[in-house]
Amino acid sequence: MNRDERNLSMLTDFYELTMMNGYLEKGMEDTVAVFDVFFRRIPDDGGFAIFAGLEQLIDYMKNLRFTDDDIEFLRSKKCFSEKFLSYLRNFEFKCDVWSIPEGTPIFPREPIIVVKGPAVQAQLVETVTLLIANHQSLIATKANRIARAADGRPVMEFGSRRAQNADAAILGARAAYIGGVGATACAITDRDYGVPAVGTMAHSWVQLMGSEYEAFKAYAEIYPDNCTLLVDTYNVLKSGIPNAIKVFDEVLKPMGYRPKGIRIDSGDIAYLSVKARKMLDDAGYPDCGIVASNSLDEYLISELLRQGAQLNSFGVGENLITAKSDPVFGCVYKLAAVERNSVLDPVIKISESTEKITIPGFKTFYRFYSNESGKAMADYISLYDEPAPDTSKPFTIFDPESTWKKKELTNVTAKRMLVPIFENGKCVYESPSLKEIKKYCAEQVDTLWDEVKRFKNPHKYYVDLSEKLWNLRNDLLNKPAY
């Protein structure tokens, strides 16, 4: 990869710095804390989300350091001690970090990243950890919905110019690829991450030439082996398709090439695609694909296909790269345990809003897979030091909110989902290639039941607590530490 390294250590909420300074002033620099990253609600009321961004999180944690300019800036704020500034000047990351692999389907409340280490350090990484996980998981989740709506037809990410900034475009395209998109219009994402870049022409190409026919002819002469023509600049059926066919006949065919496709970017795409398909077939080009673009999303794609649109692939822009229908993912970073007298004491955040009550303790979680169907059956959150679920015999799980709801699992395998990423600040995880992550994501989504993958009213996937963890949470709720 040819990416410039950036020091993002100062990309943090100011209160992280004031708390860090306070911890040092109170002699708490060696106090160990455990923080969980989790989310509470699935975007678009879906049945699951997709985790992405781990590679960028690793890069960030590997490069944590503070420059002389950073130190001088903080000194100028006149609220930080020299002890704190000296600590930052000699900063060395010493945390343990666990995460689920990129591309894993995730569900509310489960810890998808766990950070354990000196509180003064674990506090620092909150902002960037959330920024990365929230953005890429949001886009990967949206991309997966759109790719599933396309029902096996290729989807291309076309949203760079509508993204909120450069990183949103570049890393958004990366996340979209993980989620199921096959290519991007973003050239730099191909250069830096290997997501295939695609693209042919804009309406300006057609307008700049003497005529639509001349524009198509010039393009076919330059790119005969990858000729896709944009046919809606003037009139799709009266000029666009006829001119495209004429160029296919007069330019490509004599050169021994077949057309790759046409693209329709406006109008009644369902109607136009059906008419275009017949015109192309009648002209002897049944292998010429039809690409649709123009503000598409999973619902429009599903509706187009339901109406019988003759489309072979889709270009999706703003609704994908911004996750326009539900643009906030909502991961949070919450304290779960604090080391006191060499023991990790669980802590809980209590709220009048039930969904904001945290799950205390240093935790991990497992996913149960059916040995018969290979499908994911449920997730199970437990304390980190609890034994793994014994699946050699029937294993009972229960709903943590409605405890009378129980399910007995038989003939299943329990897989521990969190894997070590950093140990004492040293990275111990080897990131797979982006193609491997994309393949893993597709395989893991395939383990979900179709009922969980519905766009509307999906089945609620089970995320349960161990009995020991449930009892711990219940005890802390009944004996709040204030």
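Residues numbered from 1 in each chain as written. Predicted model: local features only at pLDDT ≥ 70, side-chain atom pairs only at ≥ 80, totals over all residues. Heavy atoms only, no water.

Observations concerning the packing of aromatic side chains
For clarity, the cut-off: Within 6.5 Å between ring centres, the rings of Phe, Tyr and Trp (the latter by its six-membered ring) count as paired, and their orientation is classed by plane angle as stacked under 30 degrees, edge-to-face over 60, tilted in between. Secondary structure elements follow DSSP: runs of H or I of four or more residues count as helices, runs of E of two or more count as strands, with numbering from the N terminus. Each residue is assigned to one of three classes by its accessible area relative to the maximum for its type, calculated with a 1.4 Å probe on protein chains only: buried under 20%, partly exposed between the two thresholds, exposed over 50%.
Applying the stated rule across the entire model yields 19 aromatic pairs. Measuring from centroid to centroid gives 5.7 Å for F66 and F91, while their planes differ by 75 degrees, and the two rings are edge-to-face. Here F66 is found in the loop between α2 (54-62) and α3 (68-76), whereas its partner F91 is found in the loop between α4 (82-89) and β3 (96-99), with 25 residues between them in sequence. Of the residues examined, F66 reaches a relative accessible area of 8% and is grouped as buried. One aromatic cluster is present, formed by F14, F80 and F84 through successive ring pairs.

Topic: the pattern of salt bridges
Our working definition: Only one rule defines a salt bridge in this text: a Lys or Arg side-chain nitrogen within 4 Å of an Asp or Glu carboxyl oxygen.
Scanning the model with the defined rule gives 29 salt bridges in all. When the shortest N-O distance is used, the salt bridge between E298 and K142 registers 2.9 Å. Here E298, found in helix α13 (residues 298-306), pairs with K142, found in helix α6 (residues 126-149); they are 156 residues apart in sequence, far enough to count as distant. Across the pair R367 and D379 runs a salt bridge, and its minimum N-O distance is 2.7 Å. Highlighted residues: R367 in strand β14 (residues 363-370) and D379 in strand β15 (residues 376-383), separated in sequence by twelve residues. With respect to burial, R367 and D379 carry one shared label: buried.

A look at the environment of C227
Quick reminder of the rule: Contacts were defined at the residue level, with two residues in contact if any of their heavy atoms lie within 4.5 Å.
The topology assignment puts C227 in the loop between α10 (212-222) and β8 (228-230). For C227 and A378, which are 151 residues apart along the polypeptide, the C-alpha to C-alpha distance reads 47 Å. In this structure, C227 is in contact with Y219, A220, F248, L252, P259, K260 and G261, ignoring residues within four places of it in sequence.

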